[in-house]
Amino acid sequence: MPDATCTCGQVRIEVTGKPIMVAECGCTSCQTAGQAFGGVLTEHYTTPYVMVRKDRVRLASGDGALEARRLTPESATRRVVATCCGAPMYLEFEKGHWLSVYAARLSAQDRGALDCRTMTKDLPEGIVLPTDVPNPKRHTPGFMLKLMGAWVAMGFRTPKIDWAREATG
């Protein structure tokens, strides 16, 4: 899999192996963060991610140029931005074994085909989603099984990703 890079090219994350899945999330948190970042949301108010195993990523360049932002101070997820150009790079559920790389950080041909849209129950009223992939209201058992399968393959490890400093203020 090709590297994920910020807009200006200063930050580069090496990604190896196949992704766990390619998904668009419609949850309220992803919509809120997507609106704050600008240019992240699709026309359907979903946020596209390429979900990869944490043991298959490495910060290749841009040390010191990543900043973690949380929607609330107690949030278990952090969205990480390249400070050099403001490009959203990834979302991390800190206790999770996967990293959700913003799909825009990879070229369209390299990010792979969309597997599903999830958490569509939170989308604004009147949004009509295409029927090209499943559009479940919540995470499905199949979605969770893919995540669990990756964790089993990792030996139930949850590598720590500590590339980003926490945003202040």
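The notes below deal with the structure included here.

Criteria and cut-off values
- Residues numbered from 1 in each chain as written.
- Predicted model: local features only at pLDDT ≥ 70, side-chain atom pairs only at ≥ 80, totals over all residues.
- Heavy atoms only, no water.
- Pairing = 2+ DSSP bridges.
- Helix = DSSP H or I, 4+ residues; strand = E, 2+ residues; numbered from the N terminus.
- Contact = heavy atoms within 4.5 Å.
- Axes fitted to C-alpha atoms, helices over the stretch in contact; angles between N-to-C directions.
- Core = buried A, V, L, I, M, F, W, Y, C linked by side-chain atoms within 4.5 Å.
- Buried < 20%, exposed > 50% of the residue type's maximum accessible area, 1.4 Å probe, protein only.
- Salt bridge = Lys/Arg side-chain N within 4 Å of Asp/Glu carboxyl O.
- Polar contact = N/O pair within 3.5 Å; in protein donor to acceptor, adjacent residues only side chain to side chain.
- Expected span 1.5 Å × (residues − 1).
- Arc of directions from axis to C-beta.

## Looking at the sheet that holds strand 7 (residues 77-82)
Reading across from one edge, 10-3-4-9-8-7-6-11 is the order of the 8 strands in this open sheet, with mixed pairing throughout. Every interior strand has two partners, whereas the edge strands, strand 10 (116-118) and strand 11 (165-166), have only one. Where strand 3 (residues 21-25) meets strand 10, 3 bridges bridge the pair, whose relative direction is parallel. Following the sheet pairing, Glu-24 is matched in strand 10 by Arg-117. Sheet contacts for helix 1 (residues 28-37): strand 3, strand 4 (47-53), strand 6 (66-69), strand 7, strand 8 (88-93) and strand 9 (98-102); angle to strand 7, the most-contacted strand, approximately 20 degrees.

## Brief notes about the nonpolar core
In a soluble, globular protein the nonpolar side chains are often hidden away together inside. Counting residues in hydrophobic clusters, the biggest one holds 25 residues, and the most contacted among them are Val-11, Ile-13, Val-57, Leu-66, Met-89, Tyr-90 and Trp-163. Mapped onto this core, the elements with two or more residues apiece are strand 2 (12-15), strand 4, strand 5 (57-61), strand 6, strand 7, strand 8 and strand 9. The residues touching Tyr-90, leaving out its near neighbours within four places in the chain, are Ile-13, Leu-66, Arg-78, Arg-79, Val-80, Leu-99, Ser-100, Val-101, Tyr-102, Ile-161, Trp-163 and Ala-164. Core analysis: the second largest hydrophobic core is formed by 20 residues, Ile-20, Ala-23, Cys-30 and Ala-33 among them.

## Some points on the pattern of salt bridges
In the structure shown here, the tally under the stated rule is 15 salt bridges. The residue Glu-14 makes a salt bridge to Arg-58 at a minimum N-O spacing of 3.0 Å. Residue Glu-14 is located in strand 2, and its partner Arg-58 is located in strand 5; the two are separated by 44 residues in the primary sequence. A relative accessible area of 45% places Arg-58 in the partly exposed class. Between Arg-53 and Asp-55 there is a salt bridge; the shortest N-O distance is 2.7 Å. Classification of Arg-53 by relative accessible area gives buried; the value is 11%.

## Looking at the side chain of Thr-47
The residue Thr-47 is located in strand 4 in this model. Within the structure, Thr-47 has its side chain in polar contact with the backbone oxygen of Cys-30 (distance 3.4 Å). Dropping the residues within four chain positions of it, Thr-47 is found in contact with Ala-23, Glu-24, Cys-25, Cys-30, Val-40, Leu-41 and Tyr-102.

## Things to note about helix 3 (residues 141-153)
Between the first and last C-alpha of helix 3 there are 18 Å, a value that for 13 residues agrees with the 18 Å anticipated at 1.5 Å per step. All of the buried residues along helix 3 are Phe-143, Leu-147 and Ala-150. Projected down its long axis, helix 3 carries its buried residues within an arc of 60 degrees, all on one side. What points out from helix 3, more than 90 degrees from its buried face, is the exposed set Pro-141, Leu-145 and Ala-153. If you follow the buried residues of helix 3, they end up packed against strand 3, strand 4, strand 9 and strand 10. In the segment just after helix 3, Gly-155 is the residue with positive phi, at about 70 degrees.

## Describing the pairing of strand 8
Counting buried positions along strand 8 yields 5 of 6 residues, so the element is predominantly enclosed. Sheet analysis places strand 7 next to strand 8, joined by 5 bridges and oriented antiparallel. Within strand 8, the position partnered with Val-80 by the bridge is Tyr-90. As consecutive antiparallel partners, strand 7 and strand 8 are separated by 5 residues, and within that stretch Gly-86 has a phi angle of approximately 80 degrees, a positive value. In terms of strand pairing, strand 8 meets strand 9 through 2 bridges, oriented antiparallel. Bridging from a neighbouring strand, Leu-91 pairs with Ser-100 of strand 9. Counted between consecutive antiparallel strands, the loop separating strand 8 from strand 9 contains 4 residues.

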